[in-house]
Amino acid sequence: MTVRRALPSFLVIGSIVGVFAAILVGSSVAGSSVSSERAEPTSSARASASPAVTAAPEAPFDTAALTVLATLPVKGRAPKTGYDREGSFGSAWQDVDQNGCDTRNDILARDLTVLVVDSSCEVQSGTLLGPYTGLTIAFVRGQTTSALVQIDHVVALSNAWQTGAQQLSPEQRVALANDPLNLLAVDGVTNSRKGDGDTATWLPPLKSYRCAYVARQVSVKASYALWVTAAERDAMMRILSDCPDEVASIDTDPFVAPTVEAPLPSDVYFENCTAAREAGAAPVHSGDPGYGRHLDRDGDGTGCE
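A brief structural summary. (Residues numbered from 1 in each chain as written. Predicted model: local features only at pLDDT ≥ 70, side-chain atom pairs only at ≥ 80, totals over all residues. Heavy atoms only, no water.)

Before going further, it helps to spend a moment on the packing of aromatic side chains. Taken as a whole, this structure holds seven aromatic pairs when the rule is applied. A ring pair is formed by F89 and W161, whose centres lie 6.3 Å apart and whose planes are at 70 degrees; its orientation type is edge-to-face. Taken together, the residues F89 in helix α3 (residues 85–89) and W161 in helix α5 (residues 157–162) connect sequence positions 72 residues apart. According to the relative accessible area criterion, W161 is buried, its value standing at 9%. (Phe/Tyr/Trp six-rings, centres within 6.5 Å; stacked < 30°, edge-to-face > 60°. Helix = DSSP H or I, 4+ residues; strand = E, 2+ residues; numbered from the N terminus. Buried < 20%, exposed > 50% of the residue type's maximum accessible area, 1.4 Å probe, protein only.)

Right, here's the structure in full:
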């Protein structure tokens, strides 16, 4: 179901090229791969590149997370001025890969087991083995139960905004917010405790998952040319030094660029969720054009989830 559009490749900082070239020629890295978690149904969204380097791999490739971390720029955190979740990264959740399902349901379908999914691809129930805690969580869609399982941005969007995402295009930021590489289904309580913390301020309580978690953060930051703070880099190095074979994934393929739609008229009416999805309006939130209780079966304020 993956759809690709031709945009310039996302080229990582110039120093990555030399390091990766040596690795690709002379060695093969063993270890657990972050990319193995990037399963269907969603396709990966990627940022396009700065034309600083001419030679770039044409497909995703993996190497040691410590090696990738060493190539990330180290800078101070930029001001949070101008950050707005919806204004900066688009509304949650969009159907970036145009497979008919929004990103939240795509990630739930990827990360949960014992799934019950309705004909409109909404995940109604399932079981999550929480990656951050190791605890099993029963998910049942509903106004009081849906929040028990949330979709975490591994690199928090406000952190991304302060470490380079301000320089990305609006389309690239929407891609980052919906990229399966940067998304995990987790328990709501732990997600709330994490907030927008980086590696220096928050790590998963389940210590056995910390290497994979940090490697995923490194992968996201490298793929979108984000930087790390000194404290963040030091914390990442401390975790990854205990698992030097942990792998990070860099995907330089063109990403699926979302189409920027014209604003909907305030009096628009959708007979059903199929009509809302065909118009690119799903999910539709209370107060948005086209929202109606007939679209919001569980009454949680979001229709056609």
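Further remarks concern the packing of helix α8 (residues 210–223) against helix α9 (residues 230–240). Two elements in contact, α8 and α9, have axes separated by 9 Å at closest approach and are oriented at 135 degrees. On the basis of the axis angle, α8 is oblique to α9. Between α8 and α9 the crossing geometry is left-handed. Of the residues in α9, those in contact with R210, C211, V214, A215, Q217, V218 and K221 of α8 are E232, M236, I239 and L240. (Axes fitted to C-alpha atoms, helices over the stretch in contact; angles between N-to-C directions. Parallel < 35°, antiparallel > 145°, perpendicular 65-115°, else oblique. Left-handed = near helix turned anticlockwise from the far one by under 90°. Contact = heavy atoms within 4.5 Å.)

Moving on: the state of the cysteines. Disulfide: a covalent bond connecting the sulfur atoms of a pair of cysteines. Applying the stated criterion to the full structure yields three disulfides. What pairs with C101 in a disulfide is C121, and their sulfur atoms sit 2.5 Å apart. Remark: C121 occurs in the loop between β2 (113–117) and β3 (123–129) and C101 occurs in the loop between α3 and α4 (103–111); sequence separation between them is 20 residues. With a relative accessible area of 14%, C101 lands in the buried category. In this model, C273 is linked to C304 through a disulfide, with the two sulfur atoms separated by 2.1 Å. (Disulfide = S-S within 2.5 Å.)

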